[in-house]
Amino acid sequence: MSERSLREQRRERRRELGRDQILEVAEEVFARKGFHEASLREIAELAEYSVGAVYGFFSGKDELYREIFLRRAVVFMSGMKEVVSSPRPPHRQLLELAEWQVEFFRRHPEYGRLVLRSGAIASALTGAPSDAEILANFRRAQEMQADLFRRGQREGLLKDGDPHLLARMFSGLVSAFQASELTREEPQTGPLPLSTLLETVEAAFVTAEP
């Protein structure tokens, strides 16, 4: 491998690290202040970059905000696919999916607060984001959940009803739990008991053990 190729790889790696650093900071600032109150200058200063350098990574605040959602969606969608593709029965997959989604936002609390602030945490009830790629991710996630309900209904493990409606109701329950946890005034008391959500999901959607 040539020295030039090695330099190019190092340069690209530094660029990726810089981009990730800016996105991490932007996620926290947008979560704390909202899109309109957040400024590129503050984001740049906290990320230890100049405003001009930030423009070297992103065309502006709109793209930066959008990329936060698309970046997290990669992990979120991958995790969903893994859960619904497991060999476990559909009713178990549903409970695991609820648990996985909660744990995802616990790992990324600032993103969770950003989603809550933007209103997207209840997107299953209020409508998906308008960006085409974000909208496509939302629809794929909902379709995966609807398909899970279809399979569960065929096996007699999940309750009857329109699969898409049930998928939205499931998302609404998970989102309500996340919102309650993220907006508590005393987070030092620790996370809410996940068993409360799982018991509610089971009562709402599961028929019986096979």
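Residues numbered from 1 in each chain as written. Predicted model: local features only at pLDDT ≥ 70, side-chain atom pairs only at ≥ 80, totals over all residues. Heavy atoms only, no water.

Some points on the overall build of the protein chain
To keep it simple, the criterion reads: For helices the rule is a DSSP run of H or I covering at least 4 residues; for strands it is a run of E covering at least 2, with both sets numbered from the N terminus onward. In this scheme, a residue with accessible area under 20% of its type's maximum is buried, one over 50% is exposed, and one in between is partly exposed, where area comes from a 1.4 Å probe on protein chains only. By definition in these notes, contact holds between two residues if any of their heavy atoms fall within 4.5 Å. Every accessible area reported is derived by Shrake-Rupley at a probe size of 1.4 Å, with residue values counting cover from the shown protein chains alone.
If you tally the helices and strands in the protein chain, you get ten helices and zero strands. The order of α-helices and β-strands along the protein chain, N terminus first, is α-α-α-α-α-α-α-α-α-α. Counting only residues that meet the buried cut, the protein chain has 43% of its 210 residues in that class. Sequence separation of at least 24 residues holds for 67% of the intrachain contacts in the protein chain that already meet a minimum separation of 6. Per element, the accessible surface of the protein chain, about 11400 Å² overall, is 52% carbon and sulfur.

Some thoughts on the packing of aromatic side chains
Each aromatic ring pair is specified by the distance between its two centres and by the angle formed by the two planes. We count it as follows: A pair of Phe, Tyr and Trp rings is counted when the ring centres sit within 6.5 Å of each other, with Trp represented by its six-membered ring. The angle between the planes then sorts it: under 30 degrees is stacked, over 60 is edge-to-face, the rest tilted. When the NZ atom of lysine or the CZ atom of arginine is within 6 Å of a ring's centre and also within 35 degrees of its normal, the charge is said to sit over that ring.
With the rule as written, the count across this model stands at 16 aromatic pairs. A ring pair is formed by Phe-35 and Tyr-65, whose centres lie 5.1 Å apart and whose planes are at 70°; its orientation type is edge-to-face. In this pair, Phe-35 sits in the loop between α1 (3-33) and α2 (40-46) while Tyr-65 sits in helix α4 (residues 61-84), placing the two residues 30 residues apart along the sequence. Look at Trp-100 and Phe-104: their rings are 5.5 Å apart centre to centre, the planes differ by 25°, and that puts the pair in the stacked class. Of this pair, Trp-100 and Phe-104 are both found in helix α5 (residues 90-107), four residues apart, which corresponds to roughly one turn of the helix. With a relative accessible area of 18%, Trp-100 lands in the buried category. A cation over a ring is seen here: Lys-61 above Phe-35, with NZ or CZ 4.5 Å from the ring centre.

Focus: the environment of Ile-43
The topology assignment puts Ile-43 in helix α2. Ile-43 has contacts with Ile-22, Val-25, Ala-26, Val-29, Phe-30 and Leu-64, leaving out every residue within four places of it along the chain.

A word on the nonpolar core
Going by this rule: Here the nonpolar core consists of buried residues drawn from Ala, Val, Leu, Ile, Met, Phe, Trp, Tyr and Cys, with membership extended through side-chain atoms lying within 4.5 Å.
In terms of nonpolar packing, the biggest core is built from 53 residues, with Phe-30, Leu-64 and Phe-170 touching the most fellow members. Ranked by residue count, the leading element in this core is α4, at ten residues. Residue contacts for Leu-64: discarding those within four places in its chain leaves Ile-22, Leu-23, Ala-26, Phe-30, Leu-40, Ile-43 and Phe-58.

Things to note about unusual backbone geometry
Despite not being glycine, Glu-48 has its phi angle at roughly 65°, a positive value. Its place among the elements puts Glu-48 in the loop between α2 and α3 (51-57).

Some thoughts on the environment of Gln-145
Our working rule: Under the rule applied, a polar contact is a pair of N or O atoms within 3.5 Å (in protein, one hydrogen donor and one hydrogen acceptor; residues adjacent in sequence only if both atoms are side-chain atoms).
Checked against the element boundaries, Gln-145 lands in helix α8 (residues 132-154). For the pair Gln-145 and Arg-168, spaced 23 residues apart in the sequence, the C-alpha separation amounts to 8.5 Å. Each residue touching Gln-145, except ones within four places of it in the same chain, is listed here: Met-80, Leu-97, Gln-101, Ala-167, Phe-170 and Ser-171. Among the polar contacts made by the side chain of Gln-145, one reaches the main-chain carbonyl oxygen of Ala-167 at a distance of 3.2 Å.

So, the confidence of the model for the protein chain
Here is the rule: Confidence scores labelled pLDDT are given residue by residue by the predictor and lie between 0 and 100.
The predicted model of the protein chain averages 86 in pLDDT, with 89% of residues at 70 or higher. Segment residues 121-129 is flagged for pLDDT under 50; beyond a separation of four residues in sequence, or across chains, it makes 23 contacts in the model.

Thoughts on helix α10 (residues 194-205)
Structural remark: α-helix, 3.6 residues per turn; residues separated by three or four positions point the same way. To keep things clear, this is the line we draw: Each residue after the first adds 1.5 Å to the expected span of a helix. This arc describes the spread of directions from the helix axis toward the C-beta atoms.
Between the first and last C-alpha of α10 there are 17 Å, a value that for twelve residues agrees with the 16 Å anticipated at 1.5 Å per step. Within α10, the full set of buried residues consists of Leu-194, Leu-197, Val-201 and Phe-205. Buried residues along α10 cover an arc of 65° about the axis, so they all sit on one side. Within α10, the exposed residues directed more than 90 degrees away from the buried face are Glu-199 and Ala-203. Lining the buried residues of α10 we find α5, α8 and α9 (163-182).

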